[in-house]
Amino acid sequence: MKNFISVKDIPSLQYALDVAFDVKENPFAYQHLGKNKTMVLIFFNSSLRTRLSTQKAAMNMGMNTMVLNVNEDGWQLESDLGVVMDGDKPEHLLEAIPVIGQYCDVIGVRSFARFQNKEDDYSEKIISQFVEYAGVPVVSMEGATRHPLQSYADLVTIEEFKQKERPKVVLTWAPHPRALPQAVANSFVEWMRETDYELVVTHPEGYELAPDFIGNVKVEYNQKKAFEEADFIYAKNWASYSSYGQILSKDLSWTVNEEKMALTNNAKFMHCLPVRRNVVVTDGVIDSKNSIVVPQAANREVTAQAVLKMILEEL
Ligand SMILES: NCCC[C@H](NC(=O)CCC(=O)O)C(=O)O
Ligand SMILES: NC(=O)OP(=O)(O)O
C-alpha cells in the first residue's frame with residue numbers, strides 16, 4: 001500500500017481485517033519492518049486518540065516518530081496556489097511538504113474541512129498536495145472528507161462485537177453546539193458500504209451526506225424507526241453538506257438516550273470521540289454496559305499499526 005486516504009487504498013476489506021487481527025494479537029512481531037524508519041505526524045487540528053494511537057502504533061512497528069503541531073509550533077503554511085505571500089503565512093506547502101518528506105519515511109496528516117469553500121474541502125486540497133509532493137507514503141489522520149483510520153477501527157470493532165453475521169448498523173446524526181465536518185460520517189458510510197451489513201443512516205432533513213458517499217444507502221428520517229432492531233448505534237454530529245458547513249438544527253430530541261436505545265436489539269453504542277455528553281448522547285447510554293466507545297478507541301492503535309505494516313512491507 002502506497003498511501004492510506006480512503007477505503008480504496010486497502011487491497012480488500014478481508015485482507016485489512018486479517019492484518020488488523022494479526023497485529024492485535026502480535027503487536028511487536030514486525031519491528032524489523034520499521035527499524036530505523038521515521039514517521040512524522042502533522043496536525044493542523046487538535047487530537048487525543050489519533051495522536052497517541054498512531055504514535056503508539058508506529059512505536060510497536062519499531063519506528064521513530066516526530067510530531068508537528070502546525071498551528072502551535074510551526075510556521076503557518078500557505079496552501080493556495082499562485083498567491084502573493086505578503087500576509088501572515090511565511091511558508092508554502094509546496095516547500096514544506098517535500099522538506100518534511102526528506103526527514104521521514106511516512107507522513108501522517110490531519111487537516112479538517114475548513115468550511116470556507118466546499119470545492120477546496122471536497123477536493124482534499126491539503127491532503128492531495130501531501131500525496132503529490134511528499135515523496136513518501138501519506139496516511140490520512142482525518143482529512144476534509146474522510147477519517148479512514150477511524151472507520152477501519154470502527155469496522156474491526158463491529159466485527160469483534162457482532163452477534164450475527166449481518167448486523168443492522170445505524171449511523172445517527174446527533175445535535176452539537178458547533179459545526180463539525182462530515183468526514184467521520186462520510187468515511188463510516190464508505191467503509192460500511194464495502195460490507196454486507198444492513199446499513200441505515202438517520203438525520204434531520206438538510207443533513208444529507210454528499211451523494212458520492214451516501215450512494216444508495218437507506219436514509220430513514222424517522223430516528224426512532226431507524227433504531228428498531230438495530231445491533232449497533234453509531235452517533236455523530238455533522239454540519240450540513242447542502243447548506244455547506246451550516247448548523248441547521250440543535251434539536252435535542254435527536255440526542256441518543258435510553259428510551260431510543262430500548263427500541264433496538266440491545267444495540268451497542270459507538271462514537272469516535274470526543275463526545276459531548278448529554279448533547280450527543282446521555283450519560284445513561286454512554287455509561288451503560290452496551291457502550292463500546294473505549295474498546296472502539298483502543299482499536300485505533302490496532303488499525304494504525306495495520307496500516308503502517310501494509311505500507312512498510314512495500315517500502
Ligand atoms: N476525530 C474525531 C472527531 C473530530 C472532529 N470533532 C470535533 O472537532 C469535536 C470538537 C467539539 O466537540 O467541539 C470531527 O467531528 O471531525
Ligand atoms: N476519534 C478521533 O480521531 O479522536 P481525536 O480527534 O482525539 O484524534
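Residues numbered from 1 in each chain as written. Chains lettered and ligands numbered in written order. Predicted model: local features only at pLDDT ≥ 70, side-chain atom pairs only at ≥ 80, totals over all residues. Heavy atoms only, no water.

Visitor: How would you summarise the overall build of the protein chain if you had to cite specific residues and measurements?
Guide: When helices and strands are tallied, the protein chain shows 13 helices and 11 strands. Compactness check: the protein chain gives a C-alpha radius of gyration of 19 Å against a globular reference of 20 Å for 315 residues, within 12% of the reference. With the principal axes as the frame, the protein chain shows a C-alpha extent of 55 × 50 × 35 Å. Across the protein chain, the fraction of contacts at a sequence separation of at least 24, relative to all contacts at a separation of at least 6, is 78%. Summed over all atoms, the accessible surface of the protein chain reaches about 13,600 Å², with 49% contributed by carbon and sulfur. Distance between charge centroids for the protein chain: 4 Å, based on 32 positive and 42 negative side chains. (Helix = DSSP H or I, 4+ residues; strand = E, 2+ residues; numbered from the N terminus. Rg over C-alpha atoms; globule rule 2.2 N^0.38 Å. Contact = heavy atoms within 4.5 Å. Areas by Shrake-Rupley, 256 points an atom, 1.4 Å probe, with all protein chains shown as cover. Lys, Arg positive; Asp, Glu negative; His and termini not counted. Charge placed at Lys NZ, Arg CZ, Asp CG, Glu CD.)

Visitor: How would you explain the site of ligand 2 if you had to name every residue and give the values?
Guide: The environment of ligand 2 is made up of Ser-47, Leu-48, Arg-49, Thr-50, Arg-110, His-147, Gln-150, Cys-272, Leu-273 and Arg-300. Between ligand 2 and Leu-273, the relevant distance is 2.9 Å, taken from a nitrogen atom to a main-chain nitrogen or oxygen of the residue. Protein burial of ligand 2: of its 260 Å² of free accessible surface, 93% is covered by the chains. When grouped by side-chain class, the residues that make up the shell around ligand 2 number three nonpolar, four polar and three charged. When residues of the shell around ligand 2 are sorted by domain, at least three fall in each of domain 1 (7-146 + 300-312) and domain 2 (149-297). (Near = heavy atom within 4 Å. Polar contact = N/O pair within 3.5 Å; in protein donor to acceptor, adjacent residues only side chain to side chain. Nonpolar A, V, L, I, M, F, W, Y, C, P; charged D, E, K, R; others polar. Domains from an automatic or database assignment.)

Visitor: Go over the domain arrangement of the protein chain with me, naming the residues and quoting the values.
Guide: When cut into domains, the protein chain gives domain 1 (7-146 + 300-312) and domain 2 (149-297). The straight-line distance from the C-alpha centre of domain 1 to that of domain 2 is 25 Å. Contacts between the two partners involve 34 residues from domain 1 and, on the opposite side, 32 residues from domain 2. In total, domain 1 and domain 2 occlude about 2,700 Å² of area from one another, counting both sides; carbon and sulfur atoms represent 67% of this. Of all residues in domain 1, Phe-115, Tyr-122 and Arg-300 give up the largest surface area on contact with domain 2, accounting jointly for 27% of the area buried on that side. For Lys-8, the salt bridge goes to Glu-190, with nearest N and O atoms at 3.3 Å. (Buried area = accessible area lost by both parts, 1.4 Å probe. Salt bridge = Lys/Arg side-chain N within 4 Å of Asp/Glu carboxyl O.)

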